[in-house]
Amino acid sequence: MRAATGIVALLLSCLPAFAEALVFPALNGDAGARTLTVYSSLDMPIARPMIAGFQKANPEIAVRYEELLTSDIYDRIVAETDAGKRTADFAFSSAMDLQIKLANDGYAQQSDLAMSARWPRWANWRNTAYALTFEPAVFVYHRPSFRDAPPPATRGQFVDYLKAQGDKAFGRIATYDIERSGVGFMFLSRDQEQFPDIWSVVRAMGGAGVKLYSTSSAILERIADGRFVLGYNILGSYAADWAAHNPDVGIVLPKDYTIVMSRIGLVPKAANAPDLGRKYLYYFMSGEGQSIMARELQIAAVNPDVSGDNTANSMQASMGAQLRPVPVTPGLMVYLDQVKRTRLIKRWNEALREQ
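These numbers were taken from a predicted model, which means no experiment stands behind them. (Residues numbered from 1 in each chain as written. Predicted model: local features only at pLDDT ≥ 70, side-chain atom pairs only at ≥ 80, totals over all residues. Heavy atoms only, no water.)

This part takes up the overall build of the protein chain. Along its length, the protein chain carries 13 helices and 15 strands. Principal-axis analysis of the C-alpha atoms places the extent of the protein chain at approximately 65 × 50 × 35 Å. For the protein chain, the residues scored as buried account for 55% of the 355 residues in total. The long-range fraction of contacts in the protein chain, counting pairs at least 24 apart against all pairs at least 6 apart in sequence, stands at 79%. Surface exposure of the protein chain reaches about 15,600 Å², of which carbon and sulfur atoms provide 50%. For the protein chain, the centre of its 37 positive side-chain charges and the centre of its 36 negative side-chain charges are spaced 3 Å apart. (Helix = DSSP H or I, 4+ residues; strand = E, 2+ residues; numbered from the N terminus. Buried < 20%, exposed > 50% of the residue type's maximum accessible area, 1.4 Å probe, protein only. Contact = heavy atoms within 4.5 Å. Areas by Shrake-Rupley, 256 points an atom, 1.4 Å probe, with all protein chains shown as cover. Lys, Arg positive; Asp, Glu negative; His and termini not counted. Charge placed at Lys NZ, Arg CZ, Asp CG, Glu CD.)

And the structure:
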């Protein structure tokens, strides 16, 4: 027992340094108000409207928000739980595989809420892990570079464009580095399942001198100022936010198929205040919370009662089978197997080098 305790202590001491928490006092002015603790990978500037809405609806609750890397959210919840400590009341992450692993391995608790039965089946795993966003992987392009011709709208057109442009496009396209970006890795793994000829796309990008980045902002910044002309499989929510503020950023939802990922919310098993965690989860699922998300965060709503263009319902009605949402199931954990992960990364690197 003493040895096990020592191992847990070592794990805690070896965890990466965490971002400083930002505390939002209760709106009713009560300095001793109960505090909801959130571990989230959502950038703080984007998260603020949701926190503000939640506190307006619950003025007696303070919020402690910790913005973390997706891997740190997972590691911290596991380490704190295994050490017998309390952890976050709500965890929100774009690492769908790690969130499902938390739920599957017993680090999350069931949350039976008023919306649970009506939540889309693909977006709800055992009332424990909920997909709360609907975010397509898109092509992003520099509008001025496509004044005389439309941008690629399918993967086949993407390859044709790279081959036809030659030196004009060389070094001016970008995508995620799948070794450093969890979202990029997931998009490629889904590409492999949806499109048998995906490796021709990867080879074409390699031949065009593709630049690899771990963040969306690094790619979108270079699209916006014209250094790059195309971005492949970029997270649509971030692209939409950039496009809303920069007219030179254009977005295409691929017409052959569009992968849709989601950020998953859950209440950890060892939450300090699980009732507050469920209250925040419920607000995230509510019509009000989802409307704020669609309107102010530029992220499509999942709630079937929310209307408007920026909703899963609207997108599915207009694009149908073109959209391929990633279902919230234990199948997401396939590529957490290090052998399979290493094999896919090796094939990716070999394909990039082939041309």
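What follows picks up the thread again.
Formed by 120 residues in total, the largest nonpolar core has its most connected members in Leu 132, Leu 162, Phe 187, Met 205 and Tyr 280. Beyond its immediate stretch of four places on either side in the chain, Tyr 280 contacts Leu 36, Val 38, Met 50, Ile 51, Phe 54 and Phe 90. (Core = buried A, V, L, I, M, F, W, Y, C linked by side-chain atoms within 4.5 Å.)

All right, on to helix α13 (residues 338-354) then. Here α13 is 17 residues long and its end C-alpha atoms lie 24 Å apart, about the 24 Å a rise of 1.5 Å per residue gives. Along α13, the residues classified as buried are Leu 344, Ile 345, Trp 348, Ala 351 and Leu 352. The buried residues of α13 all sit within an arc of 125° when viewed along its axis, so they share a single face. Opposite the packed face of α13, turned more than 90 degrees from it, sit the exposed residues Gln 338, Val 339, Thr 342, Arg 343, Lys 346, Arg 353 and Glu 354. Residues of α13 that are buried sit in contact with β9 (173-176), α6 (182-194), α7 (198-207) and β10 (211-213). (Expected span 1.5 Å × (residues − 1). Arc of directions from axis to C-beta.)

Okay, the side chain of Arg 155 next. Within the secondary structure layout, Arg 155 lies in helix α5 (residues 155-165). The exposure class assigned to Arg 155 is buried, which follows from its relative accessible area of 0%. There is a polar contact of 2.7 Å between the side chain of Arg 155 and the side chain of Asp 256. Ignoring any residue separated from it by four or fewer positions in sequence, one finds Arg 155 in contact with Phe 139, Asp 191, Phe 195, Val 201, Tyr 232, Asn 233, Pro 254, Asp 256 and Tyr 257. (Polar contact = N/O pair within 3.5 Å; in protein donor to acceptor, adjacent residues only side chain to side chain.)

Here the focus is the packing of aromatic side chains. Applying the stated criterion across every chain yields a total of 16 aromatic pairs. Measuring from centroid to centroid gives 5.5 Å for Tyr 280 and Phe 284, while their planes differ by 90°, and the two rings are edge-to-face. Taken together, the residues Tyr 280 and Phe 284, both in helix α10 (residues 274-285) and four residues apart, mark about one turn of the helix. Each member of the pair Tyr 280 and Phe 284 is classed as buried. In textbook terms, an aromatic cluster arises when at least three aromatic residues are bridged by ring pairs, as seen for Phe 54, Phe 90, Phe 92, Tyr 280, Tyr 283 and Phe 284. Directly above the ring of Tyr 257 sits Arg 155, whose terminal nitrogen or CZ lies 3.7 Å from the centroid. (Phe/Tyr/Trp six-rings, centres within 6.5 Å; stacked < 30°, edge-to-face > 60°. Lys NZ or Arg CZ within 6 Å of the ring centre and 35° of its normal.)

Taking every second residue as pointing to the same face, both faces of strand β4 (residues 90-93) are buried, with Phe 90 and Phe 92 on one and Ala 91 and Ser 93 on the other. Relative to β4, strand β2 (residues 34-40) runs parallel, the two being bridged by three bridges. The partner of Val 38 across the bridge, within β4, is Phe 90. Two elements, β4 and strand β14 (residues 264-268), share three bridges in a ladder whose sense is antiparallel. Its bridge partner being in β14, Ser 93 is matched across the sheet by Ile 264. (Pairing = 2+ DSSP bridges.)

The packing of two helices is summarised by the inter-axis angle and the distance between the axes. It is the contact of α7 with α13, at a shortest axis distance of 6 Å, that shows an interaxial angle of 50°. Here α13 runs oblique to α7, going by the angle between their axes. Where α7 crosses over α13, the handedness of that crossing is right-handed. Residue-level contacts link Trp 199, Val 202, Arg 203, Met 205 and Gly 206 of α7 to Leu 344, Arg 347, Trp 348, Ala 351, Leu 352 and Glu 354 of α13. (Axes fitted to C-alpha atoms, helices over the stretch in contact; angles between N-to-C directions. Parallel < 35°, antiparallel > 145°, perpendicular 65-115°, else oblique. Left-handed = near helix turned anticlockwise from the far one by under 90°.)

Time to look at the environment of Tyr 282. Considering the arrangement of structural elements, one finds Tyr 282 in helix α10. Judged by its relative accessible area of 40%, Tyr 282 is partly exposed. Considered as a pair, Tyr 282 and Asp 248 are 34 residues apart in the sequence and their alpha carbons are 37 Å apart. Excluding anything up to four places from it in sequence, Tyr 282 contacts Leu 113 and Ala 114.

Here we come to the environment of Asp 43. You can see Asp 43 is positioned in the loop between β2 and α2 (44-57). The exposure class assigned to Asp 43 is partly exposed, which follows from its relative accessible area of 29%. Measuring from C-alpha to C-alpha, the distance between Asp 43 and Glu 66 comes to 9.9 Å, with 23 residues separating the pair along the chain. Excluding residues within four positions of it along the chain, Asp 43 makes contact with Glu 67 and Tyr 238.

With that out of the way, let us pick up the environment of Ser 200. Take Ser 200: it is sitting in helix α7. Distance in space between the C-alpha atoms of Ser 200 and Asn 313 is 33 Å, their sequence separation being 113 residues. Polar contacts involving the side chain of Ser 200 include one to the main-chain carbonyl oxygen of Asp 197, which spans 2.6 Å.

Another point: the pattern of salt bridges. Counted under the stated rule, the structure contains 15 salt bridges. Across the pair Asp 305 and Arg 118 runs a salt bridge whose closest N-O atoms are separated by 2.8 Å. Linking Asp 305 in the loop between α11 (287-296) and α12 (312-319) with Arg 118 in the loop between β5 (108-109) and β6 (124-125), this pair joins segments that are 187 residues apart in sequence. Judged by relative accessible area, Arg 118 falls into the partly exposed class, the value being 44%. One salt bridge connects Arg 155 with Asp 256, and the closest N-O pair in it is separated by 2.7 Å. Here the residue Arg 155 occupies a position in helix α5, and Asp 256 occupies one in the loop between β12 (249-252) and β13 (258-261), the gap between them amounting to 101 residues. Given a relative accessible area of 27%, Asp 256 falls into the partly exposed group. Each of Arg 64, Glu 66, Arg 76 and Glu 80 takes part in salt bridges that share partners, so that together they form one network. (Salt bridge = Lys/Arg side-chain N within 4 Å of Asp/Glu carboxyl O.)

By themselves, these observations are geometric and do not establish any function.
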